[in-house]
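Chain by chain, the residues:
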Amino acid sequence: MSRNLILAIPNKGRLQKQTVDFLKEYGLEIDRGRGDRGYIGKLIGYDNIDLIFLSPKEISLELTKGSIDLGVTGLDLINENVLFPDMNILNTLELGFGEADVVVAVPITWIDVTSINDLEDIIYDFRLSTGKRLRIATKYPNISRNFFEKIGLSDYLLVDSHGATEGAPSYGSSEIIIDITSTGSTLAANQLKRIESGTILKSQACLFSGLTNWSEDKIVTMSNLLTLLCSDKTHISKILNLLKK
């Protein structure tokens, strides 16, 4: 097992830029050896921390495998891709960027649907009138199932979305969607609206850690890193104690 702490950050896009900018605020400069296409790097001046560049989804998966120690990714991806995330992943630090909500959105023409409570009648009426289950397009099947199970809704059909989920109702592949949104402008542009109590998850970028492979050397490095990034000594102590278990 490597004595160096392995930190994964997003390999491209806005989340990568925000992560790099966040680290710079605390004097942490990144050396991405082979440029934008390199997948290995270093934090300048920190020889005991190895950087790896992965997609946000890969970061959530590699944390569960124990192949990386720390990773910056969205809370939405952890909840979607990690089984029992509260038991298997530690939310080490909320970073305050990448904020967005996973929401239920319906066509704006559904004037009688204003809250999540109205969906039960819609689902029942849709089944009665068409003989089919109401379709919900989403990239978040696990988050969606868990949410509907909690509120007691069933008899719907989740449709996997691999592209622009907001367009699914307009081209007829679903009736409603569950997707992530920050400003709501894309929903509005596609004639969709959020509904009351339809916010499933409030997400943001966080520094997550796995719960395995924490040697004494890595815990010391982690302590130094957290002391730099976080002023809450009680929080730091709590995190370190959890990693020592």
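Residues numbered from 1 in each chain as written. Predicted model: local features only at pLDDT ≥ 70, side-chain atom pairs only at ≥ 80, totals over all residues. Heavy atoms only, no water.

**Q** How would you sum up the sheet that holds strand β9 (residues 156-160)? Please name residues and give values.
**A** Strands sit in the order β9-β8-β10-β7-β11 across an open sheet of five strands; the sheet is mixed. The sheet is open, and its two borders are formed by β9 and β11 (192-203), each paired with just one other strand. Taken over all neighbouring pairs, the strand axes of this sheet differ in orientation by 25° on average, direction set aside. Pairing between strand β7 (residues 100-107) and strand β10 (residues 176-181): five bridges, direction antiparallel. Within the sheet, the bridge partner assigned to aspartate 101 lies in β10 and is threonine 181. With respect to the sheet, helix α5 (residues 119-130) is in contact with β7, β8 (134-138), β10 and β11, its orientation differing from that of β8 by roughly 120°. Packing against the sheet, helix α6 (residues 141-151) makes contact with β7, β8, β9, β10 and β11, and its axis sits at approximately 165° to β9. (Pairing = 2+ DSSP bridges. Helix = DSSP H or I, 4+ residues; strand = E, 2+ residues; numbered from the N terminus. Axes fitted to C-alpha atoms, helices over the stretch in contact; angles between N-to-C directions. Contact = heavy atoms within 4.5 Å.)

**Q** How would you summarise empty space enclosed by the protein if you had to cite specific residues and measurements?
**A** As enumerated under the stated definition, the model contains one cavity of 30 Å³ or more in all. Counted as a void, the largest cavity has a volume near 80 Å³. Lining the largest cavity, in full, are Leu7, Ile9, Thr19, Phe22, Leu23, Val72, Leu95, Leu207, Leu225 and Leu229. Every element with two or more residues in the lining of the largest cavity is listed here: β1 (5-10), α1 (13-25) and α8 (216-229). Broken down by element, the lining of the largest cavity gets its largest block of residues, three residues, from α1. Here the residues of the lining of the largest cavity are counted per class, giving nine nonpolar, one polar and no charged. (1 Å grid on protein atoms, 1.4 Å probe; cavity = no way out; pocket = protein on both sides within 12 Å on 5 of 7 lines; lining within 4 Å. Points joined across faces, edges and corners; volume = space filled by probe spheres on them. Nonpolar A, V, L, I, M, F, W, Y, C, P; charged D, E, K, R; others polar.)

**Q** Report on the pairing of β7, specifying residues and quantitative values.
**A** Most of β7 is tucked away: eight of the eight residues are buried. As paired elements, β7 and β11 share seven bridges and run antiparallel to each other. Each bridged residue has a counterpart across the sheet, and for aspartate 101 the counterpart in β11 is lysine 202. (Buried < 20%, exposed > 50% of the residue type's maximum accessible area, 1.4 Å probe, protein only.)

**Q** Would you mind going over the state of the cysteines in detail, with residue names and values included?
**A** Following the criterion strictly, the structure yields zero disulfides and no others. Cysteine cysteine 206 shares no disulfide, and the gap to the nearest cysteine sulfur, in cysteine 230, comes to 13 Å. For cysteine 206, a relative accessible area of 0% translates into the label buried. We classify cysteine 230 as buried; its relative accessible area is 12%. (Disulfide = S-S within 2.5 Å.)

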